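# Architecture and fold: a report
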Amino acid sequence: SPCKSSMTECRIAHPIVKCTYCRTEFQQESKTNTICKKCAQNVKLYGTPKPCQYCNIIAAFIGNKCQRCTNSEKKYGPPHSCEQCKQQCAFDRKDDRKKVDGKLLCWLCTLSYKRVLQKTKEQCKHLSSSSRASLQEKEQYSRLSSGSHYNSQKTLSTSSIQNEIPKKKAKFDAISANGDSFSPDLALDSPGTDHFVIIAQLKEEVATLKKMLHQKDQMILEKEKKITELKADLQYQESQMRAKMNQMEKTHKEVMEQLQAKNRELLKQAAALSKGKKPEKSGAITSP
């Protein structure tokens with residue numbers, strides 16, 4: 001339908017992405033827009049954020065803690081160690097219903113865990129619906145047949161389903177061994193679901209850590225660039241100061257030489273004047 005097509009186009013043009021800073025999901029308006037509106041406003045007000053001292057998310061605009069950890073600390077007290085990522089950033093709400101499968105997880109690990117569980121449920125739902133549709137088709141086909149053909153077709157249908165189950169199980173085992181995407185054929189009653197959840201969560205955590213590492217590398221590069229610029233500016237200022245001091249010293253020396261020369265000239269003139277006055281005095285006395 002046109003509605004569905006327009007929604008699909010909208011999702012492609014404006015996908016849901018994670019904010020580079022606070023890691024919350026938002027609808028991207030343009031490809032260059034990598035931070036949410038709230039973080040963009042905070043950047044204008046407070047500048048580039050620092051990593052939070054608790055969760056390590058680069059969203060500490062004021063002080064050393066992000067707003068999420070600051071609010072949680074006020075409400076629930078100091079943070080505890082997350083049972084998944086082992087960082088000191090999980091806040092105990094004193095309510096087991098708000099824990100994820102009884103585990104005390106931080107905000108990022110909780111999101112990852114719930115996302116994986118949701119994905120698994122969707123895959124299981126898709127599997128069950130496709131399985132029901134397949135069985136209905138086989139039943140309709142068998143009802144169209146009659147007599148001995150009906151019986152033989154029913155036997156064939158039953159045997160084909162029985163043969164299909166070990167094939168799917170073998171396929172699931174092979175995919176699990178290779179570490180590829182999950183095949184939910186036995187997800188409802190297989191203990192391998194828990195392993196898949198853990199593996200998928202670990203993969204997402206690795207991807208998150210890689211992004212954080214990339215962000216920290218970028219920050220280090222920017223700081224190194226700034227340090228290099230400051231060093232260059234300091235060297236330039238030092239050279240300018242040195243040249244100015246040399247010029248002042250040279251000017252001072254020239255002024256001193258001029259003053260000394262003028263002083264010598266004045267001394268000579270004073271000596272000449274004193275010699276000229278003595279004969280005049282003696283001549284004035286002997287003349288009468």
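This text goes with the structure placed above it.
Residues numbered from 1 in each chain as written. Predicted model: local features only at pLDDT ≥ 70, side-chain atom pairs only at ≥ 80, totals over all residues. Heavy atoms only, no water.

### What to know about the overall build of the protein chain
Here is the rule we go by: The helix count covers DSSP runs of H or I at least four residues long, the strand count covers runs of E at least two residues long, and both are numbered beginning at the N terminus. For every residue, the accessible area obtained with a 1.4 Å probe (protein chains only) is divided by the maximum for its type, and the residue is called buried under 20%, exposed over 50%, and partly exposed between those limits.
When helices and strands are counted, the protein chain shows 6 helices and 6 strands. Listed by position from the N terminus, the elements making up the protein chain come as α-β-β-α-β-β-α-β-β-α-α-α. A total of 288 residues make up the protein chain; the buried ones form 23% of that total.

### With respect to the pattern of salt bridges
For the record, the criterion: Salt bridges, as used here, are contacts in which a Lys or Arg side-chain nitrogen is within 4 Å of a carboxyl oxygen on Asp or Glu.
Evaluation of the coordinates by the stated rule reveals 6 salt bridges. Between Arg 115 and Glu 25 there is a salt bridge, with the nearest N and O atoms lying 3.5 Å from each other. Of the two residues, Arg 115 sits in helix 4 (residues 107-144) while Glu 25 sits in strand 2 (residues 25-27), which places them 90 residues apart along the sequence. Judged by relative accessible area, Arg 115 falls into the partly exposed class, the value being 25%. Of the charged contacts in the structure, one is a salt bridge between Asp 92 and Lys 94, with a shortest N-O distance of 3.9 Å. A network of salt bridges, in which partner residues are shared, links Lys 18, Glu 25, Arg 115 and Glu 204.

### Comments concerning the packing of aromatic side chains
Geometrically, a pair of aromatic rings is defined through the distance of the ring centres and the angle of the planes. The line we're drawing: Aromatic contacts are taken between Phe, Tyr and Trp rings whose centres are within 6.5 Å, Trp giving its six-membered ring; a plane angle under 30 degrees counts as stacked, one over 60 as edge-to-face, and the others as tilted.
The tally for this structure, following the rule as stated, stands at 2 aromatic pairs. Their ring planes at 85° and their centres at 6.3 Å tell us that Tyr 21 and Phe 61 sit as a pair that is edge-to-face. Of this pair, Tyr 21 sits in the loop between strand 1 (16-18) and strand 2 while Phe 61 sits in the loop between strand 4 (58-60) and helix 3 (67-76), and the two are 40 residues apart along the sequence. You can call Tyr 21 buried: its relative accessible area is 18%. With centroids separated by 6.4 Å and ring planes inclined at 70°, the aromatic side chains of Tyr 54 and Phe 91 adopt a geometry described as edge-to-face. Residue Tyr 54 is found in the loop between strand 3 (50-51) and strand 4, and its partner Phe 91 is found in the loop between strand 6 (88-90) and helix 4; the two are separated by 37 residues along the sequence. Exposure remark for Phe 91: the relative accessible area of 12% places this residue in the buried category.

### Focus on the nonpolar core
For clarity, the threshold we go by: Only buried Ala, Val, Leu, Ile, Met, Phe, Trp, Tyr and Cys residues count toward a nonpolar core, and they belong to the same one when joined by side-chain atoms within 4.5 Å. By the convention used here, residues are in contact when the closest approach between their heavy atoms is within 4.5 Å.
Core analysis: the biggest nonpolar cluster contains 30 residues, and Cys 19, Tyr 21, Cys 39, Cys 55, Cys 69 and Cys 106 have the highest contact counts within it. Where this core is concerned, the elements lending two or more residues are strand 4, strand 6, helix 4 and helix 6 (192-286). In terms of residue count, helix 4 provides more of this core than any other element does, 4 residues in total. For Cys 39, the residues in contact, after removing those within four places along its chain, are Cys 19, Tyr 21, Cys 22 and Phe 61.

### A short note on unusual backbone geometry
Its identity as a non-glycine residue notwithstanding, Arg 23 has a phi of 70°, on the positive side. Structurally, Arg 23 is set in the loop between strand 1 and strand 2. For Lys 86, which is not a glycine, the phi torsion comes out positive at approximately 70°. With respect to the element layout, Lys 86 can be found in the loop between strand 5 (80-81) and strand 6.

### Quick look at the side chain of Gln 84
Mapped onto the elements, Gln 84 comes out in the loop between strand 5 and strand 6. For Gln 84, a relative accessible area of 19% puts it in the buried group. Setting aside chain neighbours within four positions, we find Gln 84 in contact with Leu 105, Cys 109, Gln 201, Leu 202 and Glu 205.

### Here's the deal with the side chain of Ser 112
With respect to the secondary-structure elements, Ser 112 resides in helix 4. Accessibility expressed as a relative area gives 6% for Ser 112, which makes it buried. For Ser 112, the residues in contact, after removing those within four places along its chain, are Gln 201 and Glu 204.

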